[in-house]
Amino acid sequence: MTVIKKTFVVSALLFSAATFAQDNKVLNLYSSRHYQTDEALYANFTKQTGIKVNRIEAGEDALLERIRNEGERSPADVLVTVDAGRLWRAQQLGFFQPVKSALLDARIPASYREPGGQWFGFSLRARVIAYNKARVKAAEIPTYESLAEPKWQGRVCMRSSTNIYNLSLMGAMIDHLGEAKAEQWARGVKANLAREPKGGDTDQLKSVAAGECDVTISNQYYYARLLRSAKPEERGIGEKIGVLFPNQADRGTHVNISGAGVMKNAPNREAAVKFLEYLAGDEAQRYFAEGNNEWPVVAGVKPDNPVLKMLGEFRQDSLNVAVLGRNQPGSQKIYDRVAWK
Ligand SMILES: [Fe+2]
């Protein structure tokens, strides 16, 4: 048996734009996601349609930069990336073309897609409150707003405000509370910080488990990764942490998406639309979401994930995720005004 080592990233880079666009049997996919379920996800698309998927994978911001540099000659057909705030940035850069698809409109709830069809959400993540189980009871902290209460002084860890997840969360706070109250909230949370904002979501969770602080905010999949880790020490960290869905008694928990759009100059537009429609299918939904411990967006497709099952169902904020992008400049201004860092 021959073992073929997959070097798709490097080999894809060597293709010329002409090779990419020769017929409609290829799809050039630029993605910032890379998970174990990808092989099955893309292989099934090729099996169903005969369209080969050329993947270019890079970090979120590197990918946007690359597309910008390629300009009109970009071979990209589809951009897959995370967070509505980042898809909104790509939209502002003029990367996408609108897609009208009765299938996508029927399958993807309206709040998880850009109203003009510029981009669509394919999996869902929630920004949950995580707490140290030995020191905090879930009932003490039912809302994002509670994080600003004086009782949490010196007990909150948060990441930087330039992070897209926090910008999008603030975008939702602005919509629900208005700018003045959203700023008051940011000021309150900032006053409660146990340390300067630093690190990623996993670092916040580690700080909570280590007792450096008692509560934080994180996307649920970082928590799931810890609990499902092959390393006992990481599972140990996860086991010290409790997770709750904030604002269940009112507007619901802030949710965001991983999503995709068809590029404005897509050489293989038809294949690109087919791919988005494929991602909205039941099986693809499971692969796409499961790769990162996220929830499928399509109603009725249940995640087969032990941590998500344990967390259970929850009330989601019904705000259209495009608002998170639209509020992004205002969000950054608020964080800057309160010197969040
Ligand atoms: Fe993330």
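All values derive from a computational prediction rather than experimental measurement. (Residues numbered from 1 in each chain as written. Predicted model: local features only at pLDDT ≥ 70, side-chain atom pairs only at ≥ 80, totals over all residues. Heavy atoms only, no water.)

Engineer: Describe the pattern of salt bridges, and please don't skip the residues or the numbers.
Structural biologist: Counted according to the given criterion, the structure contains 23 salt bridges. For Asp201, the salt bridge goes to Arg127, with nearest N and O atoms at 2.8 Å. Separated by 74 residues along the polypeptide, Asp201 in helix H9 (residues 201-210) and Arg127 in strand S4 (residues 120-132) bring together distant segments of the chain. Like Arg127, Asp201 is buried. Of the charged contacts in the structure, one is a salt bridge between Glu179 and Arg337, with a shortest N-O distance of 3.9 Å. With Glu179 in helix H8 (residues 179-191) and Arg337 in helix H16 (residues 328-337), this pair connects stretches of sequence that are 158 residues apart. (Salt bridge = Lys/Arg side-chain N within 4 Å of Asp/Glu carboxyl O. Helix = DSSP H or I, 4+ residues; strand = E, 2+ residues; numbered from the N terminus. Buried < 20%, exposed > 50% of the residue type's maximum accessible area, 1.4 Å probe, protein only.)

Engineer: I'd love a proper account of the pairing of strand S1 (residues 26-31), names of residues and values included.
Structural biologist: S1 sits mainly inside the fold: six of its six residues count as buried. Side chains Val26, Asn28 and Tyr30 of S1 all project onto a buried face; the interleaved residues Leu27, Leu29 and Ser31 project onto the opposite face, where all are buried too. Pairing of S1 with strand S2 (residues 52-57), which is carried by six bridges, proceeds in the parallel orientation. Opposite Tyr30, over in S2, you have Ile56 as the bridge partner. Two strands pair when backbone bridges link them, and S1 and strand S3 (residues 78-82) are joined in this way by three bridges, in the parallel orientation. Note on S3: the bridge partner recorded for Tyr30 is Leu79. (Pairing = 2+ DSSP bridges.)

Engineer: Summarise the nonpolar core; cite the residues concerned and give the values.
Structural biologist: Ranked by internal contacts, the top residues of the largest apolar core, which has 79 residues, are Leu27, Val78, Leu79, Phe122, Ile241 and Phe275. Residue contributions to this core peak at seven residues, all from helix H12 (residues 269-279). Discounting residues that sit within four places of it in the chain, Ile241 has contacts with Ala130, Tyr131, Lys133, Leu205, Val208, Ala209, Tyr223 and Leu226. If you look at the next biggest cluster of nonpolar residues, it comprises 26 residues, including Ile141, Val189, Ile217 and Trp340. (Core = buried A, V, L, I, M, F, W, Y, C linked by side-chain atoms within 4.5 Å. Contact = heavy atoms within 4.5 Å.)

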